[in-house]
Amino acid sequence: MASIELDAINKVYPNGFHAVHDLSLSVADGEFMVLVGPSGCGKTTALRMVAGLEEITSGTLRIGNESVATRPPRERDIAMVFQNYALYPHMTVRENIGFALSLRHAPRAESDQKIREAAAILGLTESLDRKPAQLSGGQRQRVAMGRAIVREPSAFLMDEPLSNLDAKLRVQMRAEVSQIHRRLGVATMYVTHDQTEAMTMGDRVAVLNAGVLQQCDRPQVLYDRPDNLFVAGFMGSPAMNLYEATLEGDLGALHLGSQSVALPAGLASRRPGLGRFGQRKVIVGIRPEDLLVVGGEDGAAGGLMAVDVELVEALGSELLVHYTLDANRVHAHEDTDEQELAEMVGSGIARVPARTPVAVGDRIRLALSGDGLHFFDPATGDAIR
């Protein structure tokens, strides 16, 4: 058992590309840390540096309080689970799980015991004599995890291990991986691009963008109190609605496009940082679930805004109401292309109860939840507390 400490880790490739910038993270013994972000953000590179598969350009890496940055992978006492399983097709499940033990020339009785224990944890006892071709995708992923478990490493590294599974199996395996981690209690770094995986699995989540750590905290904190526009837009599905707006001087209302939307009383005292933005532009963020369809006339007043319904998605337990209004929408991701930007102007989504009376073409009013409003500095993208 050991912790993992990354202190100002950098990765610069020979062509000058700076993949990871001064990454500092601490994964406690027994903690499940998720690294999440869009493709190319540096999360897999960071994991591979911990594993020893990528050379660290600068910085300090410790596993169990020992500096290991210059040690080869085999001397770091870690086990890695890859995206593609990497099973030997000619070997049985038993042989695949025990492969690392055979390389160590571990005693036969000890190997058999560890293989049986790992198989019991993973629900593979009845499959030990099968070949990988006879297994489902989920079973193959369990075998890959079993191969890591029998090594009894100080830390686990997992690189998008569920991305090759179908949606239903991925949900099942999320729960299974979390249960296995709780049983083993080993420090784990888990990489994914799926923010739902990150939210449901991580004790803490580190959000990366362009090689820079944006925020690291408990999943609910990231969702409720994002530090900046990127985290706000990345965490959550559907994503947070983000718009350009202007605050009135007394912070009593918000100008959103052509509409004036009343803000809740006492907002200035709860968000003192807003005081310096009176009569200035801000970026306002609203989670889809913080919007409620209300009856009444067209127009916006008293914390309401008028919108036009473009699409209604019925999901059984809820509706996703896609709407437009005459306010500029802000994109939180630098890689958003021009076509996406054109489609995003004025658009938004409200998540409402399933039986809400709303149809395509309706002009409706949406109530804003005061506690659900997020404000960001348009110059820096930082949250205004």
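Structural data are supplied above this passage.
## Digging into the overall build of the chain
And then number 1: A count of helical and extended segments in the chain gives 11 helices and 20 strands.
And then number 2: With respect to the three principal axes, the spread of C-alpha positions in the chain is 80 × 45 × 35 Å.
And then number 3: The burial tally for the chain puts 50% of its 385 residues in the buried class.
And then number 4: In the chain, of all internal contacts separated by at least 6 residues, the share reaching a separation of at least 24 is 71%.
And then number 5: Surface summary for the chain: the accessible area is close to 17,600 Å², and the carbon and sulfur share equals 48%.
And then number 6: Side-chain charges of the chain comprise 38 positive and 49 negative groups, with the mean position of each set lying 7 Å from the other.

## Quick look at the pairing of strand β10 (residues 212-217)
And then number 1: As judged from the five bridges shared by strand β9 (residues 204-209) and β10, these two strands associate in the antiparallel manner. Note that in β10 the partner of V207 across the bridge is Q215.
And then number 2: Between β9 and β10, which pair antiparallel one after the other, the connecting turn spans two residues, and A210 there sits at a positive phi close to 50°.

## Describing the sheet that holds strand β19 (residues 363-368)
And then number 1: Judged by pairing direction, the sheet is antiparallel, and its five strands sit side by side in the order β15-β19-β16-β17-β18 without closing on themselves. If you trace the sheet from one side to the other, it starts and ends with β15 (291-294) and β18 (347-353), each paired once. Strand-to-strand twist across the sheet, computed as the mean angle between neighbouring axes with direction ignored, equals 50°.
And then number 2: Two strands pair when backbone bridges link them, and strand β16 (residues 304-314) and strand β17 (residues 318-324) are joined in this way by six bridges, in the antiparallel orientation. Considered in β17, the bridge of D308 is made with T324.

## Comments concerning the environment of S347
And then number 1: Here S347 lies in strand β18.
And then number 2: Separated by 18 residues in sequence, S347 and R329 place their C-alpha atoms 6.8 Å apart.

## Concerning the side chain of N96
And then number 1: Relative to the assigned elements, N96 resides in helix α2 (residues 93-97).
And then number 2: Residue N96 is classed as buried on the basis of its relative accessible area of 0%.
And then number 3: A distance of 2.8 Å separates a polar atom in the side chain of N96 from the backbone nitrogen of Y88.
And then number 4: Only 3.3 Å separates the side chain of N96 from the backbone oxygen of M91, close enough to count as a polar contact.

## Brief notes about unusual backbone geometry
And then number 1: At the junction of S237 and P238, the peptide bond is cis and its omega measures out at 0° in the coordinates.
And then number 2: Looking at the element boundaries, P238 is found in the loop between α9 (229-234) and β11 (241-247).
And then number 3: For A8, which is not glycine, the phi torsion reads 55° and is therefore positive.
And then number 4: Positionally, A8 belongs in strand β1 (residues 4-12).
And then number 5: Of note in the backbone geometry, A210 takes a positive phi value of approximately 50° without being a glycine.
And then number 6: Tracing the backbone through its elements, the reader meets A210 in the loop between β9 and β10.

## Considerations on the environment of R104
And then number 1: By secondary structure assignment, the location of R104 is in the loop between α3 (99-103) and α4 (108-122).
And then number 2: A C-alpha to C-alpha distance of 9.9 Å links R104 and R151, two positions 47 residues apart in sequence.
And then number 3: Only 3.5 Å separates the side chain of R104 from the backbone oxygen of R151, close enough to count as a polar contact.

## Considerations on the packing of aromatic side chains
And then number 1: Under the counting rule described, the total for this entry stands at four aromatic pairs.
And then number 2: Aromatic side chains F32 and Y190 sit 5.4 Å apart centroid to centroid with 40° between the ring planes, which places their arrangement in the tilted category. One end of the pair, F32, is in strand β3 (residues 32-36); the other, Y190, is in strand β8 (residues 187-192), and 158 residues separate them in sequence. With respect to burial, F32 and Y190 carry one shared label: buried.
And then number 3: A ring pair is formed by Y88 and F99, whose centres lie 4.8 Å apart and whose planes are at 50°; its orientation type is tilted. Taken together, the positions of Y88 in the loop between β6 (78-81) and α2 and F99 in helix α3 put the pair 11 residues apart, joining distant regions of the chain.
And then number 4: Residue Y88 is classed as partly exposed on the basis of its relative accessible area of 31%.

## Notes on the packing of helix α5 (residues 137-149) against helix α6 (residues 167-184)
And then number 1: Where α5 contacts α6, the axes come no closer than 11 Å and their chain directions differ by 20°. Taken as axis vectors, α5 and α6 run roughly parallel relative to one another. Crossing of α5 against α6: the hand is right-handed. Residue-level contacts link G137, G138, Q141, R142, M145 and I149 of α5 to L169, Q172, M173, E176, V177, I180 and L184 of α6.
And then number 2: Residues belonging to the contact of α5 with α6 are distributed by class as follows: seven nonpolar, four polar and two charged.

## A closer look at the nonpolar core
Here is a general trend for soluble globular proteins: nonpolar side chains tend to be buried in one another's company.
And then number 1: Judged by nonpolar contacts, the single largest core of 42 residues is most densely connected at V36, I97, V177, Y190 and V207.
And then number 2: The dominant element in this core, judged by the number of residues it contributes, is α5, at five residues.
And then number 3: L251, V293, V307 and F375 belong to the second-largest nonpolar core, a separate cluster that totals 33 residues.

## Considerations on the pairing of β17
The side chains of a regular strand alternate between the sheet's two faces.
And then number 1: With respect to burial, β17 is a largely interior element, six of its seven residues being buried.
And then number 2: Hairpin connection, β16 to β17: the antiparallel pair is bridged by three residues, and G316 has positive phi, about 90°.
And then number 3: Pairing of β17 with β18 involves seven bridges; the strand directions are antiparallel. Considered in β18, the bridge of Y323 is made with G348.

Rules used throughout
Residues numbered from 1 in each chain as written. Predicted model: local features only at pLDDT ≥ 70, side-chain atom pairs only at ≥ 80, totals over all residues. Heavy atoms only, no water. Helix = DSSP H or I, 4+ residues; strand = E, 2+ residues; numbered from the N terminus. Buried < 20%, exposed > 50% of the residue type's maximum accessible area, 1.4 Å probe, protein only. Contact = heavy atoms within 4.5 Å. Areas by Shrake-Rupley, 256 points an atom, 1.4 Å probe, with all protein chains shown as cover. Lys, Arg positive; Asp, Glu negative; His and termini not counted. Charge placed at Lys NZ, Arg CZ, Asp CG, Glu CD. Pairing = 2+ DSSP bridges. Axes fitted to C-alpha atoms, helices over the stretch in contact; angles between N-to-C directions. Polar contact = N/O pair within 3.5 Å; in protein donor to acceptor, adjacent residues only side chain to side chain. Phe/Tyr/Trp six-rings, centres within 6.5 Å; stacked < 30°, edge-to-face > 60°. Parallel < 35°, antiparallel > 145°, perpendicular 65-115°, else oblique. Left-handed = near helix turned anticlockwise from the far one by under 90°. Nonpolar A, V, L, I, M, F, W, Y, C, P; charged D, E, K, R; others polar. Core = buried A, V, L, I, M, F, W, Y, C linked by side-chain atoms within 4.5 Å.

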